[in-house]
Amino acid sequence: MEMKATNAGIRKGDQVRVMSGRDKGKTGRVLAVNPNKRTVTVEHASIIKRHTRANPSKNVKGGIVEKEGPIRISNVLLVCASCSKHTRVGHKFMPDGTKVRICRAAALP
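Residues numbered from 1 in each chain as written. Predicted model: local features only at pLDDT ≥ 70, side-chain atom pairs only at ≥ 80, totals over all residues. Heavy atoms only, no water.

Is there a simple way to explain the pairing of strand S7 (residues 76-79) in this structure?
Sheet faces and side chains relate simply in a regular strand, where the side chains alternate between the two faces. Relative to S7, strand S1 (residues 15-18) runs antiparallel, the two sharing three bridges. Looking across to S7, one finds that Val18 is bridged to Val76. Bridge analysis of S7 against strand S8 (residues 86-87) gives two bridges, and the strand direction is antiparallel. Within the sheet, the bridge partner assigned to Leu78 lies in S8 and is Thr87. (Pairing = 2+ DSSP bridges. Helix = DSSP H or I, 4+ residues; strand = E, 2+ residues; numbered from the N terminus.)

Written out as structure tokens, the structure reads:
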């Protein structure tokens, strides 16, 4: 069974808020998006530890390295740049035919 690739309107560099899991409530910038696995990597969220072996030929020191792990894309929401609220992503076509993302929180009455 092949999964359909989707990114739910979230791109690299976007500001997002984690809505569930151990890092619930944290906000950060998206470092990477994996549409096939439907995951995102968020700065300073889902920190995991990796034990690395020293490799003198590549000048890599051994030890415990902390880095960001993947989070399911359904567990994060985009933070609107204008109103600073977390919101679902909406799309709108402009008069010139370009498609832009809009803030659903600001569009509510």
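Still more ground to cover, so stick around.
Sorry if this is basic, but what is going on with the sheet that holds strand S2 (residues 27-34) here?
Strands belonging to one sheet form pairs held by backbone hydrogen bonds; the direction of such a pair is parallel or antiparallel. Taken together, six strands build an open sheet; the order of strands is S6-S3-S2-S1-S7-S8 and the sheet is antiparallel. Of all the strands in the sheet, just strand S6 (70-72) and S8 have a single pairing partner and so form its edges. In terms of strand pairing, strand S3 (residues 39-42) meets S6 through three bridges, oriented antiparallel. Among the inter-strand pairings, Thr41 is bridged to a residue of S6, identified as Pro70.

Hey, could you run me through the pattern of salt bridges in this one?
Pairing between side chains of opposite charge can happen when their charged atoms approach one another. Inspection of every chain in the model, using the stated rule, returns five salt bridges. A salt bridge links Asp14 to Arg101, with the nearest nitrogen and oxygen atoms 2.8 Å apart. Placement of the pair is Asp14 in the segment before S1 and Arg101 in strand S10 (residues 99-103), with a sequence separation of 87 residues. According to the relative accessible area criterion, Arg101 is partly exposed, its value standing at 27%. A salt bridge links Lys26 to Asp23; the shortest N-O distance between them is 3.2 Å. For Asp23, a relative accessible area of 10% translates into the label buried. The network of salt bridges with common partners includes Arg22, Asp23 and Lys26. (Salt bridge = Lys/Arg side-chain N within 4 Å of Asp/Glu carboxyl O. Buried < 20%, exposed > 50% of the residue type's maximum accessible area, 1.4 Å probe, protein only.)

Looking at this structure, how should I read the side chain of Thr39?
Relative to the helices and strands, Thr39 resides in strand S3. By relative accessible area, Thr39 is classed as buried at 14%. If near-sequence neighbours (up to four positions away) are discounted, Thr39 is found in contact with Ala32, Val33, Asn34, Pro70, Ile71, Arg72 and Ile73. (Contact = heavy atoms within 4.5 Å.)

Explanation requested: the side chain of Ser46 in the structure shown.
One can find Ser46 in the loop between S3 and strand S4 (47-52). By relative accessible area, Ser46 is classed as buried at 11%. Ser46 has contacts with Arg22, Asp23, Lys67, Glu68, Gly69, Pro70 and Ile71, leaving out every residue within four places of it along the chain.

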